[in-house]
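Take a look at the letters that make up each chain.
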Amino acid sequence: MAPPQAHHMQIRTIKRLVGPNIWANYPLLEVWVDLGRYEDFPSNTLPGFNDKIMGWLPTMIEHRCGIGERGGFFQRLRGGTWLGHVLEHVTLEIQSLAHMPVGYGRARETSERGVYKVLIEVEDFRFGEACVKVAHDMIMAAAEERDFDLPSALKKLRTLADDYCYGPSTQAIVSAAKARGIPALRLTEGNLVQLGYGKPQRRIWTAETDATSAVAESIAHDKELARTLLSSVGVPIVEGRNVTSPENAWEVAQELGLPVVVKPRNGNKGRGVSIRLEDRASVEAAYRIAEKEYVAGEVVVERFIPGRQYRVLVVGDRAVAASGGQAHQVTGDGVSTVAELVAKVNADPQRGDDSQQPLGVLVLDEIALELLRRQGFEPSSVLPDGRAAVLRYNGDLTVDETDRMHADVAAQCVLAVRTIGLDIAGIDLIAEDISRPLSAQGGALIEVNSSPGLIMHLKPLVGSPRPVGEAIVNHLFAKTQSGRVPLVAVSGTNGKTAVASLISDILASVGRNVGHASSLGLTIGERALSAQDGANAESTRRALMNPFVDAIVAEVSEPQVIEEGLAFDRCEVAVITNLGSGDHLGRTFVEELSVVQKAVRAPADIVLPSGYAVLNAEDPGVLEIAEQIKPKFQGKLCYFARTLSALPAEHLAAGGRAVVVDGSDVVSLHGTRRETVLGLAPLTCPVLGLPDFLLDDLLAVVAAGVALGLTPTQIKSGVTRAIGGSDGVALFDAPSGACVLVTPARNASSLGAWSESLRRIFPERRLTALLEPPADWSSADAARMTAVVLQYFSEVATVVNSGSLPYVEELEAKLGGSNCRSIGRLETMPAALNALLEGRGSGDLLCVCPATGTGYTSALAGLDSKGIGRRRVGGLPSVRHFR
């Protein structure tokens, strides 16, 4: 029995994961779908459902699914699968049919019954979301035994793909860049794209580049000026003159000799052009067409040259592709593959004529039809039985002539482009045969076009596609260039802010202009662009876009990876400080440490082959990450540890790297080679000593420096320069003699580490905790924090917000009957500080633990406003921007 129609499957949330994430290393949509009552009705229980889905989308027979063989997904349908899984496959197939193939999809249950996370690979988020909606509507139509007009839906989606997705020229360049490992950032909703990060970046706008001269482009659009310049350097051109009226056009046409061509002087891409005009009426009518296309411009009359028209693409100093702009008619029954189609075209006796008839081919196999469609063919009519009667080619009705182009023709085209001043251009020319010199056949150049379309070279009807995108990328970037700057990503439960800040300082000390995105804000060099939390994709993207940045350090937060993904595709160095107790486990569907572990691991999954993953060898969770990444890891590993334990020793024996403490020194080890980087004595704080967790942070920083190829002297110099600031560890001396420590210890492992250190340093002081439980705590977080509080503190107060109230209540309940007194709840951090500072004596130490970076800086500002003196602690704890 099918469920009532009122209980539809609903899309609850769609997240845009802009880059590498916990699921995959590329952009995805994460769709939260609520099956409602369909949770109780898999596909094989819904009458007619499977037949409709398979009938509408027969090409899904190619989906292997988890079964691993052709037809695997159809087997799952027949055996019964849930509609979230169906949504995954239908969305993928609809994207493939409407635009281009995508392959990655997953459907995963959540802790809420009937709610699934469906992951979908996308080329454009807006287009992908539209495909999700169509897939949802199709599935509901099948479940409710209704019809669904898929052809109309696909037609609308193809229009959206044209509006949203890269055009074919831009896509070819972006794909070629990625194939070379050069990253791409889309800067607008159109075709303006940045290739590379930071200082070495280049930009393209379709087939124009940041080196395309505005002067040259203006010259190319002015046909009379271009003709004059080309003629002066000996390039054969079509004779022509400017005209000012229909009557003047006819006069010039008679002087040049009929037939003629009439076109706008400032035209481009064939707009307003009329050819082979042989009488006064047609010439005067063509003048009016050209004048209407460009009202402010003049009109040109040119002598018509018989022959075939060719388009030659020039990139830099090379003519990289040529095509003949002719259409071909091909008919025949039973043509079901692209190979057979091309064979028919090549054998056609009409090949080379100027026929403008549409390409026609009868297709007998619906699946073969879809395969052809994916190669650029589109049905323009359908027979009653559903077969396609005619196909229209979505590429260009041209013949690739690159291999036949004569060297003299190529040289003349390059000379023309250099004369105009463009770096990339399309040359239109007329010749009987492009395999002969132009001078031998009376051929000539018609015009030079800026921002040329590439589709004719990418998808010719006949002949091989040409790697024109690759040619443009190679023109922009030398073979040794990657378009990248050193990028260090720092993740982990605790310490990542301090580690990222110190790495940034070291890079700055060796002359790098560093883009630094962290929870303390965004800085470019010495300039602060934002003081808001910058451990997110938006801030990192701003650093990637800055043309003066030649190194980037990004703090990677777990929520960032889970909610939006990373802003960058690869990194040179990934530092993982620790996993510890984890954090943010109260977020929706982030209830398990394994989810946080995947988020912490994300930067290590995308280390470049030339780069390093820097890992804490003494943290069990990080060691699990090391084992997880090893099977597909492309880079190298560098461990850091306080002692040379078995794992680093084994790694060194295999020729690996490690950074460890040896006596009173931090040393860098590479196989059997040992280098002292710095001594610990100058880094030891007179007040706080050198707590183990700060030592761990230092080791991570030194290991990152080693991974970046910095010398021990450079690393030591950078660390030394960062020490001695006045805004390191936030330790305040209250007038009463009490101490106040403001720390970002928002989870159990961090508070435990601080508490152990404080009890050892200040054994006589009474410890009081001011906690601000985060809204994304879980019950397990509250239990672990309670255990730490009970072990180390005499008193505890809490700052309560709406999201954390259940955990505050749980904390207070467990304090009953213990030796730790609950002071109570306070509404805001300033109010809590005011209340707790009253009556504190010289034997007290107040440990303030804000939940967020904003709360941390607010607490510091509140203490400063009270005139409470901040202690200059010295040593490693005095590192600038410590948090």
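Residues numbered from 1 in each chain as written. Predicted model: local features only at pLDDT ≥ 70, side-chain atom pairs only at ≥ 80, totals over all residues. Heavy atoms only, no water.

## Notes on the overall build of the protein chain
A count of helices and strands for the protein chain gives 28 helices and 38 strands. With an accessible surface of roughly 35,400 Å², the protein chain has 50% of that area assigned to carbon and sulfur atoms. (Helix = DSSP H or I, 4+ residues; strand = E, 2+ residues; numbered from the N terminus. Areas by Shrake-Rupley, 256 points an atom, 1.4 Å probe, with all protein chains shown as cover.)

## Points about unusual backbone geometry
Working note: non-glycine residues mostly have negative phi, and peptide bonds are mostly trans. Cis geometry marks the peptide bond from Leu258 to Pro259, where omega comes out at -5 degrees. Locating Pro259 in the fold gives a position in the loop between helix 9 (246-256) and strand 10 (260-264).

## Regarding the packing of helix 4 (residues 125-143) against helix 5 (residues 150-164)
Interhelical geometry of helix 4 versus helix 5 gives an angle of 170 degrees and a closest axis separation of 9 Å. When the axes of helix 4 and helix 5 are compared, the pair comes out roughly antiparallel. Contacts between helix 4 and helix 5 involve Arg126, Phe127, Ala130, Cys131, Val134 and Met138 from the first element and Leu150, Ala153, Leu157, Leu160, Ala161 and Tyr164 from the second. (Axes fitted to C-alpha atoms, helices over the stretch in contact; angles between N-to-C directions. Parallel < 35°, antiparallel > 145°, perpendicular 65-115°, else oblique. Contact = heavy atoms within 4.5 Å.)

## Description of helix 21 (residues 646-653)
Spacing of three or four residues puts side chains on the same side of an α-helix, whose turn is 3.6 residues. When we look at burial in helix 21, the residues that qualify are Pro648, His651 and Leu652. All buried residues of helix 21 project into a common sector of 100 degrees when viewed along the axis, lining one side. Those residues of helix 21 that are exposed and aimed more than 90 degrees away from the buried face are Ala646, Glu650 and Ala653. Packing partners of the buried residues in helix 21 comprise strand 28 (636-641), strand 29 (657-662) and strand 30 (665-670). A positive phi of about 90 degrees marks Gly655, the residue just after helix 21. (Buried < 20%, exposed > 50% of the residue type's maximum accessible area, 1.4 Å probe, protein only. Arc of directions from axis to C-beta.)

## Digging into the sheet that holds strand 34 (residues 766-771)
Here we have seven strands laid out as an open sheet, ordered 36-35-34-37-33-32-38, and mixed in their pairing. Each end of this open sheet is capped by a strand with a single partner; those strands are strand 36 (821-826) and strand 38 (869-870). With four bridges joining them, strand 33 (residues 739-742) and strand 37 (residues 844-849) adopt parallel strand pairing. Paired with Cys739 across the bridge in strand 37 is Leu845. In the packing of helix 27 (residues 829-837) onto the sheet, contacts are made with strand 33, strand 34, strand 35 (795-799), strand 36 and strand 37, and the angle to strand 37 comes to roughly 175 degrees. (Pairing = 2+ DSSP bridges.)

## Concerning the sheet that holds strand 8 (residues 208-209)
Read from one edge of the open sheet, four strands run 5-6-7-8, paired in antiparallel fashion. This sheet does not close on itself; its edge strands, each paired only once, are strand 5 (184-186) and strand 8. With four bridges joining them, strand 6 (residues 192-195) and strand 7 (residues 202-205) adopt antiparallel strand pairing. For Leu192, the partnering residue across the bridge sits in strand 7 and is Trp205. Relative to strand 5, helix 17 (residues 537-545) is tilted by about 115 degrees, and along the sheet it contacts strand 5, strand 6 and strand 7.

## Observations concerning the environment of Thr212
With respect to the helices and strands, Thr212 occurs in the loop between strand 8 and helix 7 (214-221). Note: C-alpha distance between Thr212 and Asp423 (211 residues apart in sequence) is 5.9 Å. Setting aside residues no more than four positions away along its own chain, Thr212 makes contact with Leu422 and Asp423. At a separation of 2.9 Å, a polar atom in the side chain of Thr212 contacts the main-chain amide nitrogen of Thr209. There is a polar contact of 2.9 Å between the side chain of Thr212 and the side chain of Asp423. (Polar contact = N/O pair within 3.5 Å; in protein donor to acceptor, adjacent residues only side chain to side chain.)

## Topic: the packing of helix 9 against helix 10 (residues 280-293)
The contact between helix 9 and helix 10 brings their axes to 8 Å, and the two run at 130 degrees. Regarding the angle of helix 9 to helix 10, the classification is oblique. Relative to helix 10, the crossing made by helix 9 is right-handed. Taking contact as the criterion, the partners of Pro246, Glu247, Ala249, Trp250 and Ala253 in helix 9 are, on helix 10, Arg280, Val283, Glu284, Tyr287 and Arg288. By residue class, the composition of the contact of helix 9 with helix 10 is six nonpolar, no polar and four charged. (Left-handed = near helix turned anticlockwise from the far one by under 90°. Nonpolar A, V, L, I, M, F, W, Y, C, P; charged D, E, K, R; others polar.)

## So, the packing of aromatic side chains
The full count for this structure, using the stated rule, is four aromatic pairs. Ring centres of Tyr26 and Tyr104 lie 5.8 Å apart, and the angle between their planes is 85 degrees; this geometry places the pair in the edge-to-face category. Here the residue Tyr26 occupies a position in the loop between strand 1 (10-17) and strand 2 (28-34), and Tyr104 occupies one in the loop between helix 3 (83-98) and strand 3 (105-109), the gap between them amounting to 78 residues. Centre to centre, the rings of Trp32 and Phe589 are 4.9 Å apart; their planes meet at 65 degrees, and the pair counts as edge-to-face. Residue Trp32 is found in strand 2, and its partner Phe589 is found in the loop between strand 26 (571-576) and helix 19 (593-605); the two are separated by 557 residues along the sequence. When its relative accessible area of 9% is taken as the criterion, Trp32 is described as buried. The ring centre of Tyr612 lies 5.0 Å from the NZ or CZ of Lys636, which sits over that ring. (Phe/Tyr/Trp six-rings, centres within 6.5 Å; stacked < 30°, edge-to-face > 60°. Lys NZ or Arg CZ within 6 Å of the ring centre and 35° of its normal.)

## Let's talk about the confidence of the model for the protein chain
Here the protein chain averages 88 in pLDDT, and 89% of its residues register 70 or above. Under a pLDDT of 50 for its full length, residues 326-332 has, in the predicted model, 32 contacts with residues more than four places off or in other chains. Contacts for the low-pLDDT stretch residues 387-392, under 50 throughout, to residues beyond four places or in other chains number 35 contacts. (pLDDT = per-residue confidence, 0-100.)

## Notes on the pairing of strand 30
Sheet topology places strand 29 next to strand 30; six bridges connect them, and they run antiparallel. The residue of strand 30 that forms the bridge with Arg657 is His670. Connecting strand 29 to the next strand, strand 30, in antiparallel fashion are two residues, including Gly663 with a positive phi near 65 degrees. When strand 30 meets strand 31 (residues 673-679), the two strands line up antiparallel, connected through six bridges. Counted as the bridge partner of Val666 is Leu678 from strand 31. Counted along the chain from strand 30 to the antiparallel partner strand 31, the turn is two residues long, and its residue Gly671 has a positive phi close to 60 degrees.

## Some details on helix 26 (residues 805-815)
Listed as buried for helix 26 are Tyr807, Val808, Leu811 and Leu815. Axial view of helix 26: buried residues confined to an arc of 105 degrees, hence all on one face.

## Focus: the pattern of salt bridges
Enumeration over the complete set of coordinates arrives at 48 salt bridges. For Glu563, the salt bridge identified is with Arg587, shortest N-O distance 3.6 Å. Taken together, the positions of Glu563 in helix 18 (residues 558-563) and Arg587 in the loop between strand 26 and helix 19 put the pair 24 residues apart, joining distant regions of the chain. With relative accessibility at 25%, the residue Arg587 sits in the partly exposed group. In this structure, the salt-bridge partner of Arg821 is Glu795, at a minimum N-O distance of 2.3 Å. Taken as a pair, Arg821 in strand 36 and Glu795 in strand 35 lie far apart in primary sequence, 26 residues in all. On the basis of relative accessibility, which here comes to 48%, the residue Arg821 falls in the partly exposed class. On the accessibility criterion, Glu795 (5% relative accessible area) is buried. (Salt bridge = Lys/Arg side-chain N within 4 Å of Asp/Glu carboxyl O.)

## Here's the deal with the pairing of strand 37
Most of strand 37 sits out of view: six of its six residues are buried. Of the two faces of strand 37, both are covered, the one formed by Asp844, Leu846 and Val848 as well as the one formed by Leu845, Cys847 and Cys849. Here strand 34 runs beside strand 37; their pairing, made up of six bridges, is parallel. Of the residues in strand 37, the one forming a bridge with Leu770 is Val848.

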